[in-house]
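# Geometric and topological summary
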Amino acid sequence: MSTINDTKIALTGDRPTGPLHLGHYAGTLQNRIRLQEEGYRCFVMIADMQAYTDNAYNTAKITAAIPQVVSDYLAIGLDPSRTTIFLQSAVPELAELTMLYMNFVTVSSLERNPTIREELKTRNFERDVPSGFLCYPVSQAADITAFKATCVPVGDDQLPMIELAQEIARKVNRVGGRDILPTPKGLLSKVTRLPGIDGKAKASKSLGNAIFLSDSQQEVRDKVMAMYTDPNHVRVNDPGQVEGNVVFSYLDAFEPDVGKVEDMKRRYRAGGLGDVAIKRELISALEAFLVPIRSQREASNINFRDIINEGTRTARKIAAETTADVKDALGVFRA
Ligand code: TRP
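What comes next concerns the included structure. As the structure is a prediction and not an experimental result, all values here were calculated from the model.

### Quick word on the nonpolar core
Within the largest apolar cluster, 51 residues are counted, with the highest numbers of intra-cluster contacts made by L22, Y73, I211, L213, M227, Y250 and F254. If one sorts the elements of this core by residue count, helix α3 (residues 59-76) sits on top with eight residues. Beyond its immediate sequence surroundings of up to four residues, I211 is in contact with H21, L22, I197, V220, K223, V224, M227, Y250 and L286. With 42 residues, the next largest nonpolar core counts F43, A47, A149 and A319 among its residues.

### A look at the pattern of salt bridges
Opposite charge on two side chains makes pairing possible when the charged atoms of those side chains draw close. Under the criterion given, the structure shown has 23 salt bridges. Here E243 ties to R269 by a salt bridge, and the two come within 2.8 Å at their closest N and O atoms. Within this pair, whereas E243 is found in the loop between α10 (217-225) and α11 (246-254), its partner R269 is found in helix α12 (residues 258-270), the two being separated by 26 residues in sequence. Residues participating in the shared-partner salt-bridge network are E37, D79 and R82.

### Re α12
Between its first and last C-alpha, α12 extends 19 Å over 13 residues, near the 18 Å set by a 1.5 Å rise per residue. Along α12, the residues that are buried comprise V261, M264, K265 and Y268. Down the axis of α12, the buried side of the element spans an arc of 105°, and every buried residue falls inside it. Away from its buried face, by an angle of more than 90 degrees, α12 presents the exposed residues R266 and A270. As for α12, its buried residues are in contact with α11 and α13 (275-299).

### Description of helix α4 (residues 92-102)
Of the positions making up α4, those classed as buried are E93, L94, L97, T98, L100 and Y101. The buried residues of α4 occupy an angular sector of 165° when projected down its axis, which confines them to one face. Here the buried face of α4 lies against β2 (41-46), β3 (83-87), α8 (136-146), α9 (159-176) and α14 (304-330).

### Quick look at the packing of α3 against α13
Direction vectors running N to C along α3 and α13 enclose 115°, while the axes themselves pass 7 Å from each other. Once α3 is placed against α13, the crossing between them reads as right-handed. For the pair α3 and α13, the contacting residues are S71, D72, L74, A75 and I76 in the first and I293, Q296 and R297 in the second.

### Section: the site of the ligand
If you check the shell around the ligand, you find 14 residues, and the closest are M45, Q50, Q140, D143 and Q158. Contact distances for the ligand include 2.7 Å between a nitrogen atom and a side-chain N or O atom of Q50. Taking Q158, its side chain carries an N or O atom lying 2.9 Å from a nitrogen atom of the ligand. Coverage of the ligand by the protein chains reaches 90% of its 360 Å² of free accessible surface. Applying the majority rule of atoms within 2 Å of the grid points places the ligand in the largest pocket. Looking at the shell around the ligand, the elements that each hand over two or more residues are β1 (9-14) and α8. The biggest single contributor to the shell around the ligand is β1, with four residues.

### Thoughts on the pairing of β2
A regular strand carries its side chains on alternate faces of the sheet. Where burial is concerned, most of β2 is hidden: five out of the six residues are buried. As judged from the six bridges shared by β1 and β2, these two strands associate in the parallel manner. Pairing of D14 across the sheet is with I46, part of β2. Note that the unit made of β1, helix α1 (residues 22-37) and β2 has a crossover that is right-handed.

### Quick look at empty space enclosed by the protein
Evaluated as defined, the whole model comprises one cavity of 30 Å³ or more. Of the voids in this model, the largest cavity is the one considered here, and its volume is about 50 Å³. Lining the largest cavity, in full, are A10, L11, T12, R32, L35, C42, F43, V44, L78, T83 and P153. Partitioned by chemical class, the residues of the lining of the largest cavity number eight nonpolar, two polar and one charged.

### Considering the packing of aromatic side chains
Tallying each qualifying case throughout the model produces eight aromatic pairs. Plain terms: the ring middles of F248 and Y268 are 5.1 Å apart, the flat faces sit at 70° to each other, and that makes the pair edge-to-face. Of this pair, F248 sits in helix α11 while Y268 sits in helix α12; the two residues are 20 residues apart in sequence, bridging distant segments of the chain. The burial state of F248 is the same as that of Y268; both residues are buried. By way of ring pairs, the aromatic residues Y25, F254 and F289 are connected into one cluster.

### Details of the packing of α8 against α9
Axis separation between α8 and α9 bottoms out at 9 Å; the angle between their running directions is 65°. In terms of orientation, α8 lies roughly perpendicular with respect to α9. Crossing angle aside, the handedness with which α8 passes α9 is right-handed. Taking contact as the criterion, the partners of Y136, P137, V138, Q140, A141, I144 and T145 in α8 are, on α9, M161, I162, L164, A165, I168 and A169. Tallied by class, the residues present in the contact of α8 with α9 amount to 11 nonpolar, two polar and no charged.

What counts as what
Numbering of residues begins from 1 in every chain and follows the order in which that chain's sequence is written. Local features are withheld for residues below a pLDDT of 70 in this predicted model, meaning they are given only at 70 or higher, and side-chain atom pairs are given and counted only at 80 or more; totals for whole chains, interfaces and linings count all residues. To get the side-chain values, take all heavy atoms of the structure and skip hydrogens and water. Buried residues of nine kinds, namely Ala, Val, Leu, Ile, Met, Phe, Trp, Tyr and Cys, make up a nonpolar core once their side-chain atoms join them within 4.5 Å. Partly exposed residues are those whose accessible area sits between 20% and 50% of the maximum for their type, while under 20% is buried and over 50% is exposed, using a 1.4 Å probe and protein chains only. What counts as a helix is a DSSP run of H or I of at least four residues, what counts as a strand is a run of E of at least two, and both are numbered from the N terminus. Between two residues, a contact is recorded if the distance between any of their heavy atoms is within 4.5 Å. Each reported salt bridge corresponds to a side-chain nitrogen of Lys or Arg within 4 Å of a carboxyl oxygen of Asp or Glu. Between the first and last residue of a helix there are one fewer steps than residues, each counted as 1.5 Å, and that sum is the expected span. In this description, one arc is meant: the one made by directions from the helix axis to the C-beta atoms. The angle between two axes is taken between their N-to-C directions and runs from 0 to 180 degrees, where each axis is a line fitted to C-alpha atoms and a helix contributes only its stretch in contact. Two helices cross in a left-handed way if the nearer one is turned anticlockwise from the farther one by less than a right angle. They cross in a right-handed way if the turn is clockwise. The nearness test applies per residue and asks whether one of its heavy atoms lies within 4 Å of the molecule or strand. Two N or O atoms form a polar contact when they lie within 3.5 Å of each other; inside protein one atom must be a possible hydrogen donor and the other a possible acceptor, and for residues adjacent in sequence the pair counts only when both atoms belong to side chains. Surface accessibility in these figures is a Shrake-Rupley result with a 1.4 Å probe; residues are shielded only by whichever protein chains are displayed. The distinction between a cavity and a pocket rests on a 1 Å grid over the protein atoms alone: a 1.4 Å probe fits inside a cavity but cannot get out, while a pocket stays open yet meets protein on both sides within 12 Å along at least five of seven lines, and a residue with an atom within 4 Å of a point counts as lining. By definition, a pocket or cavity contains a molecule when more than half of the molecule's atoms lie within 2 Å of the pocket's grid points. If DSSP finds at least two bridges between two strands, the strands pair. Here, the term right-handed applies to a crossover whose path from the first strand over the helix to the second runs clockwise when the strands point away from the viewer. Grid points are joined across faces, edges and corners, and a volume is the space filled by probe spheres set on the points. Nonpolar residues are Ala, Val, Leu, Ile, Met, Phe, Trp, Tyr, Cys and Pro. Charged residues are Asp, Glu, Lys and Arg, and all others, Gly as well, are polar. Ring pairs shown here join Phe, Tyr and Trp side chains whose ring centres sit within 6.5 Å, with only the six-membered ring taken for Trp; geometry is labelled stacked below 30 degrees between planes, edge-to-face above 60, and tilted in between. Each angle gets one of four labels, with under 35 degrees taken as roughly parallel, over 145 as roughly antiparallel, 65 to 115 as roughly perpendicular, and the rest as oblique.

Structure (structure tokens):
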């Protein structure tokens with residue numbers, strides 16, 4: 001017998017804080033295209049509410065990024081006729097679910113969330129964390145469960161959020177005495193975290209160390225040429241280190257010819273293959289990857305507002321149904 005956990009529904013989202021980059025592609029965008037092709041019912045959410053949790057004094061930044069993110073979605077091949085693209089803040093039911101779910105989650109469990117802890121550090125929020133920020137994992141559980149998503153394609157830093165969504169779904173089902181919400185599963189990609197061009201653990205817009213999907217050929221070249229390699233690989237003939245070498249991390253993610261990359265690694269380790277040579281190879285791999293994205297971006301002249309409005313209408317209908325179900329399950333009085 002098929003159950004609520006067998007339906008092919010995928011939901012994921014991005015905070016609109018700037019254009020999307022290669023780290024987003026390697027971590028989740030790639031999988032979204034796959035799920036769309038595999039016939040999943042796909043929802044992609046522009047997580048503006050989540051972005052406000054640490055940008056409440058700088059909403060202009062978020063407003064400016066929303067069209068950029070939609071343009072990136074279309075450029076990589078998300079198809080609005082198969083994937084519902086919508087705006088989080090325009091689905092108020094998500095905020096309603098968040099309020100209800102917050103009653104099932106303790107402050108201390110949020111404070112223990114490893115992703116939140118990391119973010120508190122990088123944002124210097126140690127003492128003055130906005131309560132909205134601390135609670136965003138709960139809102140993320142609302143995003144996922146509102147669409148009864150069974151599959152959430154994400155980078156590995158999002159796994160604690162999915163765990164929380166699973167816990168909340170189980171609690172709602174237990175209190176309601178029936179299977180209302182499925183247990184969502186994370187879908188990780190082969191490369192779960194792409195390093196920044198400076199060798200830092202994660203490529204990110206705020207660290208200024210990312211290559212954007214919208215970068216020009218020249219920008220890509222300049223960034224690859226500035227990439228962190230092996231500081232001890234001084235002369236071409238010196239043996240070089242592949243681990244922690246950003247050029248190889250990107251080749252692993254974006255050069256489809258695996259045999260060629262393995263061969264380059266072997267020659268680099270042995271000594272005799274220079275940094276400029278491996279960077280040239282990476283530039284051509286990235287160009288091959290980005291050229292169709294650039295032409296798709298130019299070809300898609302669809303109005304981004306139309307896409308958001310239509311997607312949001314669809315999303316709202318579904319979220320409203322789930323919210324009504326959850327309220328009934330929890331025994332919430334409905335006026
Ligand atoms: N937290 C995600 C990010 O940092 C964005 C996001 C919001 C999300 N809601 C989601 C991802 C639900 C997956 C599922 O980009």
